[in-house]
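# Topology and contacts: notes
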Amino acid sequence: MGFKIIYCIRCKNEISIPEFGTSEKEEILNHVRENLPLYAIQFVKIKKHLDLSSSKAFVQHLNAKKGICHRCNKEISLEENVVCSRCKSFNLNW
Ligand SMILES: [Zn+2]
Ligand SMILES: [Zn+2]
């Protein structure tokens, strides 16, 4: 079971990043965009068997808008894994 762990220097958390299929990513992103992060957290928790705090940390680092830092709204690169140059937060772009 592939999943990565990335350390976020901003919040000093280790973020577990499970592998997702395209439709799973869409569903999670929809919850985030609709401002229903709890749905996204539940999804990750149940489908990927992360504990609650890992699921929360994961969803927190997901960008609702690709290329816009989830924390400070700075424009960042469009690569999948990006550290924001302004706030140093880890960003996950899907
Ligand atoms: Zn962080
Ligand atoms: Zn930022």
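Small disclaimer: the values here were computed from a predicted structure and weren't measured.

## Observations concerning helix α2 (residues 37–48)
When the terminal C-alpha atoms of α2 are compared, their 16 Å separation across twelve residues agrees well with the 16 Å that a helix rising 1.5 Å per residue should span. When α2 is considered as a whole, its buried residues turn out to be Ala-40, Ile-41 and Val-44. For α2, the angular spread of buried residues about the axis comes to 100°, placing them on one side. Opposite the buried face of α2, by more than 90 degrees, sit the exposed residues Leu-38 and Ile-46. Looking one or two places after α2, you find His-49, whose phi comes out positive at around 60°.

## Overview of the packing of α2 against helix α3 (residues 52–60)
Helices that pack against each other are described as a pair by the angle of their axes relative to one another and the distance between those axes. In the contact formed by α2 and α3, the axes pass within 9 Å of each other and the chain directions differ by 125°. If you check the angle between α2 and α3, you find them oblique. Crossing geometry of α2 relative to α3 is assigned as right-handed. In contact with Pro-37, Ala-40, Ile-41, Val-44 and Lys-45 of α2, α3 contributes Leu-52, Ser-55, Lys-56, Phe-58 and Val-59.

## Details of the environment of Phe-90
Here Phe-90 shows up in strand β4 (residues 90–92). By the C-beta count within 10 Å, which is 23 here, Phe-90 ends up buried. Taking the C-alpha atoms as reference points, Phe-90 and Ser-55, 35 residues apart in sequence, are found 15 Å from one another. If sequence neighbours within four positions are ignored, Phe-90 has contacts with Ile-6, Cys-8, Arg-10, Ile-15, His-61 and Val-83.

## Focus on the packing of helix α1 (residues 22–33) against α2
Their axes nearest at 6 Å, the elements α1 and α2 cross at an angle of 150°. With respect to each other, α1 and α2 are oriented roughly antiparallel. Once α1 is placed against α2, the crossing between them reads as left-handed. On α2, the residues that touch Glu-24, Glu-27, Ile-28, His-31 and Val-32 of α1 are Pro-37, Tyr-39, Ala-40, Phe-43, Val-44 and Lys-47.

## Describing the confidence of the model for the protein
Put simply, the protein has an average pLDDT of 96, and 99% of its residues get 70 or more. Within the protein, the lowest mean pLDDT, 95, falls on strand β1 (residues 3–8), and the highest, 98, falls on β4.

## Some points on α3
Every buried residue belonging to α3 is among Ser-54, Ser-55, Ala-57, Phe-58, Val-59 and Gln-60, and all of these are buried. Buried residues along α3 sit in contact with β2 (13–18), α1 and α2.

## Things to note about the nonpolar core
The tendency in soluble globular proteins is for nonpolar side chains to be buried as a group. Ranked by internal contacts, the top residues of the largest apolar core, which has 13 residues, are Ile-15, Val-32, Ala-40, Val-44, Phe-58 and Val-59. Going through the elements one at a time, β2, α1, α2 and α3 are the ones with two or more residues in this core. Not counting residues within four places of it along the chain, the set of residues in contact with Val-32 comprises Pro-37, Ala-40, Val-59, Leu-62 and Ala-64.

Rules behind the numbers
- Residues numbered from 1 in each chain as written.
- Chains lettered and ligands numbered in written order.
- Predicted model: local features only at pLDDT ≥ 70, side-chain atom pairs only at ≥ 80, totals over all residues.
- Helix = DSSP H or I, 4+ residues; strand = E, 2+ residues; numbered from the N terminus.
- Expected span 1.5 Å × (residues − 1).
- Buried ≥ 20, exposed ≤ 12 C-beta atoms within 10 Å, placed from the backbone.
- Arc of directions from axis to C-beta.
- Axes fitted to C-alpha atoms, helices over the stretch in contact; angles between N-to-C directions.
- Parallel < 35°, antiparallel > 145°, perpendicular 65-115°, else oblique.
- Left-handed = near helix turned anticlockwise from the far one by under 90°.
- Contact = placed C-beta atoms within 7 Å.
- pLDDT = per-residue confidence, 0-100.
- Core = buried A, V, L, I, M, F, W, Y, C linked by C-beta atoms within 7 Å.

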